Amino acid sequence: MTPIQMTFSTMFLLGLMGLTFHRTHLLSALLCLESMMLSLFLATSLWALQLSTINIATVPMLLLAFSACEASSGLALLVATARTHGSDHMQNLNLLQC
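About the cut-offs
Residues numbered from 1 in each chain as written. Predicted model: local features only at pLDDT ≥ 70, side-chain atom pairs only at ≥ 80, totals over all residues. Heavy atoms only, no water. Helix = DSSP H or I, 4+ residues; strand = E, 2+ residues; numbered from the N terminus. Rg over C-alpha atoms; globule rule 2.2 N^0.38 Å. Buried < 20%, exposed > 50% of the residue type's maximum accessible area, 1.4 Å probe, protein only. Contact = heavy atoms within 4.5 Å. Areas by Shrake-Rupley, 256 points an atom, 1.4 Å probe, with all protein chains shown as cover. Axes fitted to C-alpha atoms, helices over the stretch in contact; angles between N-to-C directions. Parallel < 35°, antiparallel > 145°, perpendicular 65-115°, else oblique. Left-handed = near helix turned anticlockwise from the far one by under 90°. Nonpolar A, V, L, I, M, F, W, Y, C, P; charged D, E, K, R; others polar.

### Thoughts on the overall build of the protein
Here is step 1: Counting secondary structure elements, the protein contains three helices and zero strands.
Here is step 2: Counting helices and strands in the order they occur from the N terminus, the protein gives α-α-α.
Here is step 3: The globule rule puts the C-alpha radius of gyration for 98 residues at 13 Å, and the 17 Å found for the protein is more than 25% above it.
Here is step 4: In terms of its C-alpha atoms, the protein occupies a principal-axis envelope of roughly 50 × 25 × 20 Å.
Here is step 5: Taken across its 98 residues, the protein has 21% of its residues classed as buried.
Here is step 6: Taking as baseline every contact in the protein between residues at least 6 positions apart, the subset at least 24 positions apart corresponds to 55%.
Here is step 7: Put simply, the protein shows about 7,200 Å² of open surface, and 74% of that area lies on carbon and sulfur atoms.

Okay, structure coming up:
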């Protein structure tokens, strides 16, 4: 494994560990998801540059578009929960309550 691949793998695993262990606020969970998407975007961009084919060059742009959609829907959920529940604590978000 090259050092660059190790760096991207470590970035992704740190984002995943942050998502699993630090789930107190919704904003921190969204930031961990964004760091995971950023590491995937950088890894696929580097992969497309190394292979230098046109077919794979669209994958990073597609991933970037999906991460932008995920970020906007996450921020919309953050605003909606902050308005209804008063904070973004994950303990206050119970799916069984109306």
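### Here's the deal with the packing of helix α1 (residues 3–21) against helix α2 (residues 26–51)
Here is step 1: For the pair α1 and α2, interaxial distance at closest approach is 8 Å and the crossing angle is 160°. Here α2 runs roughly antiparallel to α1, going by the angle between their axes. Both α1 and α2 take part in a crossing whose hand is left-handed. Taking contact as the criterion, the partners of Ile4, Phe8, Met11, Phe12, Gly15, Leu16, Gly18 and Leu19 in α1 are, on α2, Ala29, Cys32, Leu33, Ser35, Met36, Ser39, Leu40, Leu42, Ala43 and Leu46.
Here is step 2: Here the contact of α1 with α2 is built from residues that sort into 14 nonpolar, four polar and no charged.

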